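Residue-level listing of the chains:
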Amino acid sequence: MTIHWCGTGLSATPGLRRLLSEGLDVTVWNRTPDHARAAVGDLTDRIETFDPALVKNVLEAGDVVVSMLPAEWQAPLADMAANQYAHFVSPGELTAEMRGLDDLAHNAEVAMVNEVGLAPGIDHLLAHRMLADYRASDAFDPANEVSLFSFSGGFPAAPGGDRYKFSWSPLEMLRALQIPAQSLRAFEINQSPRPWQAMSRTSLPLPRPEEFEVYPAGNALPLLEDYRLHPDLRVRDIVRGTLRPLGWAEAWKPVLHEIETLDGPEGEMRLREMAETLGSAHAYAADEADRVVLYLDLSATHDGTVVWHKTCVMDARGDDKGSAMARLVSTHVALAAQAAADGEFTPGVHGAPSDTEMVERFLGEIEPLAQHVATLDRL
């Protein structure tokens, strides 16, 4: 059994080095092999130029394909892997295209594991833990109204005037800003065609309470299924959000304004140009530390009275060993890849693990990677 790790970009290296250091059978594929050699060449010489046809030619049943490549590669590589009876793992979102591969995965008896990054990813693990805690509590009652807020963000530890730098694909980040956001508020679907126009502020209970800007991100409604909120919970609110340092919206106003004007093929071309320019202008310096903040808040009310309320916060910072974002994302991917190789996932298309034992095992490896993790009882 071989793990085929495709991509050694901004958030890929620590998890890959973990697998190699543990002696697993890994082949590294990257579009620029020299970049991969700089990242892991001290641990392996099995580094190949990424070409899906070449990967396909060497795949064997039971192998695992890991995609750390841009989003457009996710479904094609998953399809290719399943047709070779190989598993697939990616931190990418569980899109409709990926969900459409479920029958193929079942027929091939392989697992396609998605959303094992930061968010989606670690937030899923923490949500499953918190929901299990709530369901086991004396406060649990199917008549309660439940609200869940999941916010996360990555940015420089010292934000500076631009308030942001890219720790993942600039193009993917800009595309995310184009996606209308959906959430559930007071039992009604709330839509934000331009996510940043729904910007608000939130104070997080860190060791020193800190205020951030937050805007709704993506579609929170699938979390009703992903977090296993149905059928026993009455969900009043469910919101996903992206955290940014105070002043981000003002600093990025020209970029946001131009994104709003883009449309069609010409708009896509311009977005790619912007991604290239902004990626160069807002790249981390070699010795610059990043910061990742994750916040989950779960509460339950009965007849207007809060009967259960807990908050989980995670604060991680980059160090001389690498970025916090890369550390968290790629470690989660590596854990999922090893679990897939060991046959721990059932056949089919999956998000992050929901099995209690696997959730706790994964979090046991991930939480020590952050400088601060706490679950607070707010009652």
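See the structure printed just above.
First things first, this report covers the structure right here in the doc.

**With respect to the pairing of strand β13 (residues 290-302)**
Point 1. Among the 13 residues in β13, 12 count as buried, and that is most of the element.
Point 2. Across 12 bridges, strand β7 (residues 145-156) lies against β13 in antiparallel orientation. Bridge pairing links S152 to L294 in β13.
Point 3. Summarising the sheet, β13 and strand β14 (residues 305-317) pair through 12 bridges and their orientation is antiparallel. Within β14, the residue paired with L294 across the bridge is M314.

**Points about helix α14 (residues 356-366)**
Point 1. Within α14, burial applies to M358, V359, F362, L363 and I366. Along the long axis of α14, the arc covered by the buried residues comes to 125°, so they all point the same way.
Point 2. In the core, the buried residues of α14 are packed alongside α7 (122-135) and α13 (324-341).
Point 3. Here α14 starts with a cap whose side-chain oxygen sits 3.2 Å from the backbone nitrogen of E357, and that cap is D355.

**Here's the deal with the pattern of salt bridges**
When their charged atoms lie close together, side chains carrying opposite charge are able to pair.
Point 1. Applying the stated rule across the entire model yields 30 salt bridges.
Point 2. Linking D42 and R17 is a salt bridge whose minimum nitrogen-to-oxygen distance equals 2.8 Å. Of this pair, D42 sits in the loop between α2 (33-40) and β3 (47-49) while R17 sits in helix α1 (residues 13-21), and the two are 25 residues apart along the sequence.
Point 3. Of the residues examined, D42 reaches a relative accessible area of 57% and is grouped as exposed.
Point 4. When salt bridges with common partners are traced through the structure, they connect E72, E172, R175, E268 and R272 into a single cluster.

**Some details on the sheet that holds strand β1 (residues 3-6)**
Within a sheet, neighbouring strands are paired by backbone hydrogen bonds and run either parallel or antiparallel to one another.
Point 1. Strands sit in the order β3-β2-β1-β4-β5-β6-β15 across an open sheet of seven strands; the sheet is parallel. Among the strands making up the open sheet, the edge pair consists of β3 and β15 (348-350). Neighbour to neighbour, the strand axes of the sheet diverge by 20° on average, direction disregarded.

**Thoughts on unusual backbone geometry**
Point 1. A cis amide bond links A119 with the next residue in sequence, P120, at an omega value of 10°.
Point 2. Structurally, the position occupied by P120 is in the loop between β6 (111-113) and α7.
Point 3. At Y85, a position not held by glycine, the phi torsion is positive, near 60°.
Point 4. Within the secondary structure, Y85 sits in the loop between α4 (74-83) and β5 (87-89).
Point 5. On the basis of relative accessible area, Y85 is assigned to the partly exposed category, the value being 48%.
Point 6. Its identity as a non-glycine residue notwithstanding, D303 has a phi of 50°, on the positive side.
Point 7. Along the chain, D303 turns up in the loop between β13 and β14.

**Considering α1**
Point 1. Taken as a whole, α1 has its buried residues at T13, G15, L16, L19 and L20. One side of α1 holds all its buried residues, which, seen down the axis, span an arc of 165°.
Point 2. Packed against the buried residues of α1 are β1, β2 (26-30), α2 and α13.
Point 3. Two residues or fewer after α1 comes G23, characterised by a positive phi angle close to 80°.

**Quick word on the side chain of S67**
Point 1. In this structure, S67 sits in strand β4 (residues 64-67).
Point 2. For S67, a relative accessible area of 2% puts it in the buried group.
Point 3. Engagement of the side chain of S67 in a polar contact is seen with the backbone nitrogen of L69, the distance being 3.4 Å.
Point 4. In contact with S67, not counting residues within four places along its chain, are C6, W73, L77, F88, V89, S90 and P91.

About the criteria used
Residues numbered from 1 in each chain as written. Predicted model: local features only at pLDDT ≥ 70, side-chain atom pairs only at ≥ 80, totals over all residues. Heavy atoms only, no water. Buried < 20%, exposed > 50% of the residue type's maximum accessible area, 1.4 Å probe, protein only. Helix = DSSP H or I, 4+ residues; strand = E, 2+ residues; numbered from the N terminus. Pairing = 2+ DSSP bridges. Arc of directions from axis to C-beta. Contact = heavy atoms within 4.5 Å. Polar contact = N/O pair within 3.5 Å; in protein donor to acceptor, adjacent residues only side chain to side chain. Salt bridge = Lys/Arg side-chain N within 4 Å of Asp/Glu carboxyl O. Axes fitted to C-alpha atoms, helices over the stretch in contact; angles between N-to-C directions.

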